[in-house]
Amino acid sequence: MIYLETGSTDPTYNLAYEEWVLTHLTEGEYLILWQNDNAIIIGSNQNTLQEIDPAFVREHHIRVVRRTTGGGAVYHDLGNLNYSFIKDRTKDSGMDMSEFTQLVVKALGSMGVAAEASGRNDILVDGKKVSGTAQRVVNAGGKERILYHGTLLYKSDPDMIQGALRADPEKFKSKATKSVKSRVGNISDYMPEGLTLYDFRDRLRDLLSSPDDRQAGPVIDYDAVKKLRDEKYATYEWNYGRSPEFDYANKKRFAGGTFEVRLKLEKGVITDAAIYGDFLSLKPASEIAEALIGKRYTKEDVAEVFDRFEATDYLGTITREEAVSVVIS
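All of the points below concern the structure found in this document. These numbers were taken from a predicted model, which means no experiment stands behind them. (Residues numbered from 1 in each chain as written. Predicted model: local features only at pLDDT ≥ 70, side-chain atom pairs only at ≥ 80, totals over all residues. Heavy atoms only, no water.)

### Let's talk about the environment of R67
Reasoning step 1: In this structure, R67 sits in the loop between β4 (63-66) and β5 (74-76).
Reasoning step 2: Assessed through its relative accessible area of 6%, R67 is described here as buried.
Reasoning step 3: If we skip the residues at most four places from it in the chain, R67 touches L15, I41, I42, G43, S44, G72, V74, A134, H149 and W238.
Reasoning step 4: A polar contact is formed between the side chain of R67 and the backbone oxygen of G70, at a distance of 2.8 Å. (Helix = DSSP H or I, 4+ residues; strand = E, 2+ residues; numbered from the N terminus. Buried < 20%, exposed > 50% of the residue type's maximum accessible area, 1.4 Å probe, protein only. Contact = heavy atoms within 4.5 Å. Polar contact = N/O pair within 3.5 Å; in protein donor to acceptor, adjacent residues only side chain to side chain.)

### Looking at the pairing of strand β10 (residues 143-153)
Reasoning step 1: The buried fraction of β10 is high, at nine of eleven residues.
Reasoning step 2: Sheet topology places strand β9 (residues 128-140) next to β10; eight bridges connect them, and they run antiparallel. Bridge pairing in β10 places T133 opposite G150.
Reasoning step 3: Linking two consecutive strands that pair antiparallel, namely β9 and β10, is a turn of two residues; a positive phi of about 65° is found at G141 within it. (Pairing = 2+ DSSP bridges.)

### Looking at the nonpolar core
Reasoning step 1: Among the nonpolar cores identified, the biggest contains 33 residues, and L108, L152, I187 and F200 are the most heavily contacted of them.
Reasoning step 2: Breaking this core down by element, the ones donating at least two residues are β2 (30-34), β6 (80-88), α4 (98-110), β8 (122-125), β9, β10 and α7 (197-208).
Reasoning step 3: The biggest single contributor to this core is α4, with five residues.
Reasoning step 4: Ignoring any residue separated from it by four or fewer positions in sequence, one finds L108 in contact with V113, A115, I123, L152, I187 and F200. (Core = buried A, V, L, I, M, F, W, Y, C linked by side-chain atoms within 4.5 Å.)

### Points about the side chain of N239
Reasoning step 1: Among the secondary structure elements, N239 is positioned in helix α9 (residues 236-240).
Reasoning step 2: A distance of 2.9 Å separates a polar atom in the side chain of N239 from the backbone oxygen of Y233.
Reasoning step 3: Aside from chain neighbours lying at most four places away, what touches N239 is T48, V64, V65, R66, Y233 and A234.

### Looking at the sheet that holds strand β13 (residues 269-277)
Reasoning step 1: The three strands lie next to each other as β11-β12-β13, forming an open sheet whose pairing is antiparallel. Strands at the two margins of the open sheet, each flanked by one partner only, are β11 (248-254) and β13. Direction aside, neighbouring strands of the sheet carry axes that sit 15° apart on average.
Reasoning step 2: Bridge analysis of β11 against strand β12 (residues 257-266) gives seven bridges, and the strand direction is antiparallel. (Axes fitted to C-alpha atoms, helices over the stretch in contact; angles between N-to-C directions.)

### Re unusual backbone geometry
Reasoning step 1: The backbone of N38 sits at a positive phi, close to 50°, despite the residue not being glycine.
Reasoning step 2: Counting through the fold element by element, N38 comes out in the loop between β2 and β3 (39-42).
Reasoning step 3: Phi is positive for K267, close to 55°, though the residue is something other than glycine.
Reasoning step 4: As for its placement among the helices and strands, K267 is situated in the loop between β12 and β13.

Now the structure itself:
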């Protein structure tokens, strides 16, 4: 597994770097360890303004950047370490993230941290979340490549996590009395005193890659990375997107996550559509939303659109039937 570092703490640059590696280095397996400074990273299918506290974000000068993977919004600071695995997608590489999750769990265990995988995409230590993960699939180099990435809370500020993000009341209804502070943990609490995040990063790097993997690496087109940053990840259009005027809106929470739809209707025909949610898709649900435009607002026509898309790739573990039930209430 070839090891790479971005050399930056700018979230717009780091996400551009990660995407460039995913789509251009199409041979071999890669590990990237990287950090973002003071940022909220929004899931690919989320409505940004519903996920953040704008006043808190402005006051604390927090960058808001959308990633290309599904799942929920997360807060990053320099007490957090991010990791990315990139490799060919195999027939067994679908929504099952256990292959990658276990690599991280095993590495933490080798450092004396009793971690375990939990739920859809979390890693827990002592019952507290220290890592959230997501993944994406793209066609590149004539095959499918998979990106799996996640956070590792080493010594993050729980007050910032709590203040920056708006908790979905549906998501946390059963945990209403618990604060964010009680749900998340820091790995540093379980490590020897004085071990810095950079010491932790180096240990993780050594456990997940070999010295040979850190010799002369592949050639990175840094100008292309910067261009992708400037034209995509640093733009308002990408990070906030649009929330169209709508005649119909519905939202439900399933075991696989929240699924929300907004539609503009004219004479029984869908003229605009948006799909939001924190479900763990491999591909953007916006492709389904675009396919709905121009279709009659009937269960048959809507179901026909969803039938064109592989449910596990676009909806995670939400089923076609569940999604259609939100669109046609």
